[in-house]
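# Geometric and topological summary
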Amino acid sequence: MNQHLESVTAALVDGGKGILAADETVPTLTKRFDTLGIQSTEESRRTYREMLFSAAGAAAFISGVIMADETIRQKSSGGMPLAEFLLNQGILPGIKVDTGAKPLAGSSGESVTEGLDGLRDRLSAYHDMGARFAKWRAVIAITDTLPSPACVSANAHALARYAALCQEQHLVPIVEPEVLMNGSHAIGRCEEVTGAVLHSVFRALFEQGVSLEATLLKPNMVVAGAECPHPATVQEVATATLRCLRRHAPAAVPGIVFLSGGQDDRMATTHLNAINRLPGSKPWTISFSYGRALQDAALEAWHGRNENLKAGQQAFYHRARCNAAASLGNYTDEMEAEAADAASPLHRQGWHDD
Ligand code: 13P
């Protein structure tokens, strides 16, 4: 059993590929659509997801896609379940299984991620629908006094319970403890909190008997707060992030796939590249599992219009290609300058090939 899970884990961090996080819940995707004046309906959300999933050539850079519950139940325009549609292109289907960050009792401004009740049965049903891996996101805020030890341990415990259930149900868990970049704190404070959170998470994974060899870690990068008057340089971010991971992420974990967390898309690529270019030991594959940093340009280019589907796919292909290069430390400014359509096979193909 573990051997199968380990081979799925290895496929997800196959050299030069990363994961597309397209698992926004209906309310979250609706908010993103609203900012661009796109009507959010079950059909417009399906069309948007199919646009991303069917971008020709993107499978060379994308190993897996994390879907929301609505999406894994939907079909392509040609009538194929979207999970099968992805598998046919060599992309592993994944599923977000937490039910969201809810206020933590007894604490103001902190949350604990819920979704453990009934999770075993939901995981089994998602596996039957074709999912091969899952995601659970914990959210940790930084202020002068937060996070509280209670918030860190409650979220770590839930992540570990989720991960153990996933492995029991033949799904690879992606463990995502996200330390938010909101705030004016300096990069050192983010490193301190991220380190403490990772320490707590791996302790909980150990206690719950989770196999690290069949687990992926999805952390934040170590950055200064978004409102910090002294933003960190790319080199400072890369150095602090790798140092923090070396101290707190066991070598048995096959892959670290970063979230983008609100970083601008090019910055998320630049940071990933800089981390991979640093000398010294990196016992895990270091890649991406970006949501906004992979989708923002594509969503903007599409704008909800059928005539823009190809432009949306080109924008997605371009970012996927740049991030795949960054996962090998091979990203260059010239890649950004290259016209996306010159680099993409999309100009030769329709917007989907069902
Ligand atoms: P972002 O890359 O937009 O942070 O999203 C990643 C994700 O999956 C959040 O749960």
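Placed above this text is the structure.
Residues numbered from 1 in each chain as written. Predicted model: local features only at pLDDT ≥ 70, side-chain atom pairs only at ≥ 80, totals over all residues. Heavy atoms only, no water.

## Things to note about unusual backbone geometry
In this structure, the amide linkage connecting Leu146 to the following residue, Pro147, adopts the cis form with an omega of 5°. In this structure, His170 takes a positive phi of about 65° despite not being glycine. Mapped onto the secondary structure, His170 falls in the loop between α7 (149-168) and β7 (172-179). Not every positive phi belongs to a glycine, and His303 is a case in point at roughly 55°. Structurally, His303 is set in the loop between α11 (292-302) and α12 (309-326). Owing to a relative accessible area of 22%, His303 belongs among the partly exposed residues under this scheme. (Helix = DSSP H or I, 4+ residues; strand = E, 2+ residues; numbered from the N terminus. Buried < 20%, exposed > 50% of the residue type's maximum accessible area, 1.4 Å probe, protein only.)

## Details of the packing of aromatic side chains
Evaluated as defined, the whole model comprises six aromatic pairs. The structure contains a cluster of three or more aromatic residues connected by ring pairs, namely Phe33, Tyr48 and Trp302. (Phe/Tyr/Trp six-rings, centres within 6.5 Å; stacked < 30°, edge-to-face > 60°.)

## Concerning the nonpolar core
Phe53 and Tyr162 are the most contacted members of the largest nonpolar core, which totals 100 residues. Not counting residues within four places of it along the chain, the set of residues in contact with Phe53 comprises Leu20, Ala22, Val65, Met67, Thr71, Leu82, Phe85, Leu86 and Gln89. Counting residues in hydrophobic clusters, the runner-up holds 14 residues, among them Val13, Leu92, Ala214 and Leu216. (Core = buried A, V, L, I, M, F, W, Y, C linked by side-chain atoms within 4.5 Å. Contact = heavy atoms within 4.5 Å.)

## Examining the packing of helix α3 (residues 42-53) against α12
Their axes nearest at 9 Å, the elements α3 and α12 cross at an angle of 50°. Taken together, the axis directions place α3 and α12 in an arrangement best described as oblique. Helix-helix and strand crossings are classified by hand; for α3 and α12 the assignment is right-handed. In contact with Thr47, Glu50, Met51 and Leu52 of α3, α12 contributes Leu309, Gly312, Gln313 and Phe316. Class assignment for the residues of the contact of α3 with α12 results in four nonpolar, three polar and one charged. (Axes fitted to C-alpha atoms, helices over the stretch in contact; angles between N-to-C directions. Parallel < 35°, antiparallel > 145°, perpendicular 65-115°, else oblique. Left-handed = near helix turned anticlockwise from the far one by under 90°. Nonpolar A, V, L, I, M, F, W, Y, C, P; charged D, E, K, R; others polar.)

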